[in-house]
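# Notes for the structure review
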Amino acid sequence: MRIHTIPHSTNVHRVALALGLKGVVVDEWVQHTPEDRAEVRAVSGQDLVPVLETDDGQMLIDSMPIVAWIDETWPAPPLYPADPAARREVEGFITFFNHVWKVAPNAIDAERQRHGSGADTERIAAWAAQLRGWQHGFDGLLYGRDYLFGDTPGAADICAYPFLRFATSADPDDDDLFHGVLIDHLEPTPRLAAWIDRMAALPLPPNF
Ligand SMILES: N[C@@H](CCC(=O)N[C@@H](CS)C(=O)NCC(=O)O)C(=O)O
């Protein structure tokens, strides 16, 4: 298995977490520069990472569908609940995270990149308020349990952690502007900070 990546990629981090929990070996992490997607496009027909090349030559794109594929291919330990209603809850969270939660930091990033020092501070404040509000929801999900939907790490944790971890830490050599938005606007609660620590201690593939 080969995985195409760029430095500090949140969405690649999701796939690495899933593989680490399953103990699956990755033959090669193919490094690309963010500015040059020609090879990613050539192998996958689109520009974004992660792209996972399976041993039988399939090209998989999109991090959470890749995580679901990993879970089906190596069932233990399970990343989704067996109970259908509980699984729908986790899938609903992932849809929310990707299509609602991410809108605000992406919008702040786009506003800053487009307008620089002339960015609309009132609009940014409204998006930042959304981010602060959702933090309480994550905190509530962690009440009485170690992970977002249970006592063991699963797909929801894998989906959210690579983004929410910026509430408490930053990589010194990471100059990604979107990550800067998260660093500026995420405020961890104690429960969320403890979850970030637990997630940071999970195994990753040794060559990641
Ligand atoms: N929905 C995709 C999004 C992938 C994505 O946005 N990847 C980022 C890296 S974390 C990327 O390749 N960005 C390059 C760009 O926007 O030019 C997924 O979850 O994998």
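Described in the following lines is the structure provided in the data block. Computed from a prediction, not measured in an experiment: that's the story for all the values here. (Residues numbered from 1 in each chain as written. Predicted model: local features only at pLDDT ≥ 70, side-chain atom pairs only at ≥ 80, totals over all residues. Heavy atoms only, no water.)

## Considering the layout of surface pockets
Which parts of space are left empty comes out when a probe the size of a water molecule is rolled across the atoms. Within this model, the largest pocket holds a volume of roughly 810 Å³. Residue lining of the largest pocket: 33 residues in total, with Ser9, Thr10, Asn11, Leu48 and Val49 positioned closest to the centre. Residue contributions to the lining of the largest pocket peak at four residues, all from helix α4 (residues 84-101). When grouped by side-chain class, the residues that make up the lining of the largest pocket number 13 nonpolar, twelve polar and eight charged. Taken domain by domain, the lining of the largest pocket gets at least three of its residues from each of domain 1 (2-73) and domain 2 (84-200). Put simply, the second largest pocket is a space of about 200 Å³. (1 Å grid on protein atoms, 1.4 Å probe; cavity = no way out; pocket = protein on both sides within 12 Å on 5 of 7 lines; lining within 4 Å. Points joined across faces, edges and corners; volume = space filled by probe spheres on them. Helix = DSSP H or I, 4+ residues; strand = E, 2+ residues; numbered from the N terminus. Nonpolar A, V, L, I, M, F, W, Y, C, P; charged D, E, K, R; others polar. Domains from an automatic or database assignment.)

## What to know about the sheet that holds strand β1 (residues 2-5)
Read from one edge of the open sheet, four strands run β2-β1-β3-β4, paired in mixed fashion. Here the strands that pair on one side only, and so sit at the sheet edges, are β2 (28-31) and β4 (59-61). The average angle at which neighbouring strand axes cross in this sheet is 25°, direction not considered. Where strand β3 (residues 51-53) lies against β4, three bridges are found, and the strand directions are antiparallel. Residue pairing in the sheet places Leu52 in a bridge with Leu60 of β4. Across the sheet, helix α1 (residues 10-22) lies against β1, β2 and β3, angled at about 150° from β1, the strand it touches most. (Pairing = 2+ DSSP bridges. Axes fitted to C-alpha atoms, helices over the stretch in contact; angles between N-to-C directions. Contact = heavy atoms within 4.5 Å.)

## A word on unusual backbone geometry
Geometrically, the link from Val49 to Pro50 is a cis peptide bond, its omega value of 10° lying close to zero. Tracing the backbone shows Pro50 in the loop between α2 (38-44) and β3. The omega torsion of the bond from Ala76 to Pro77 falls at -10°, within 30 degrees of zero and hence cis. With respect to the helices and strands, Pro77 occurs in the loop between α3 (63-73) and α4. Notably, His8 is not glycine yet its phi reads approximately 65°, a positive angle.

## Overview of the pattern of salt bridges
Throughout the structure, instances matching the rule amount to nine salt bridges. In this structure, Arg2 engages Glu53 in a salt bridge whose closest nitrogen and oxygen atoms are separated by 3.3 Å. Here Arg2, found in strand β1, pairs with Glu53, found in strand β3; they are 51 residues apart in sequence, far enough to count as distant. Owing to a relative accessible area of 14%, Glu53 belongs among the buried residues under this scheme. Arg198 is paired through a salt bridge with Asp146; the nearest N and O atoms lie 3.8 Å apart. (Salt bridge = Lys/Arg side-chain N within 4 Å of Asp/Glu carboxyl O. Buried < 20%, exposed > 50% of the residue type's maximum accessible area, 1.4 Å probe, protein only.)

## Describing the packing of aromatic side chains
Under the definition given, this model contains 13 aromatic pairs. Plain terms: the ring middles of Phe93 and Phe96 are 6.1 Å apart, the flat faces sit at 55° to each other, and that makes the pair tilted. Here Phe96 and Phe93 lie together in helix α4, a separation of three residues that amounts to about one turn. Note on Phe93: relative accessible area 7%, which makes it buried. Grouping aromatic residues by their ring pairs yields a cluster made of Phe93, Phe96, Phe97, Trp101, Trp134, Phe138, Phe149, Phe163 and Phe178. (Phe/Tyr/Trp six-rings, centres within 6.5 Å; stacked < 30°, edge-to-face > 60°.)

## Structural notes on the nonpolar core
Counting 60 residues, the largest nonpolar core has Leu19, Phe97, Trp101 and Trp195 as its most contacted members. Looking at this core element by element, the count peaks at eight residues for helix α7 (residues 155-164). Residues from two domains meet in this core; each of domain 1 (2-73) and domain 2 (84-200) gives at least three. In contact with Trp195, not counting residues within four places along its chain, are Leu142, Asp146, Tyr147, Leu148, Asp157, Ala160, Tyr161 and Leu164. (Core = buried A, V, L, I, M, F, W, Y, C linked by side-chain atoms within 4.5 Å.)

The values are spatial; any link to function lies outside them.
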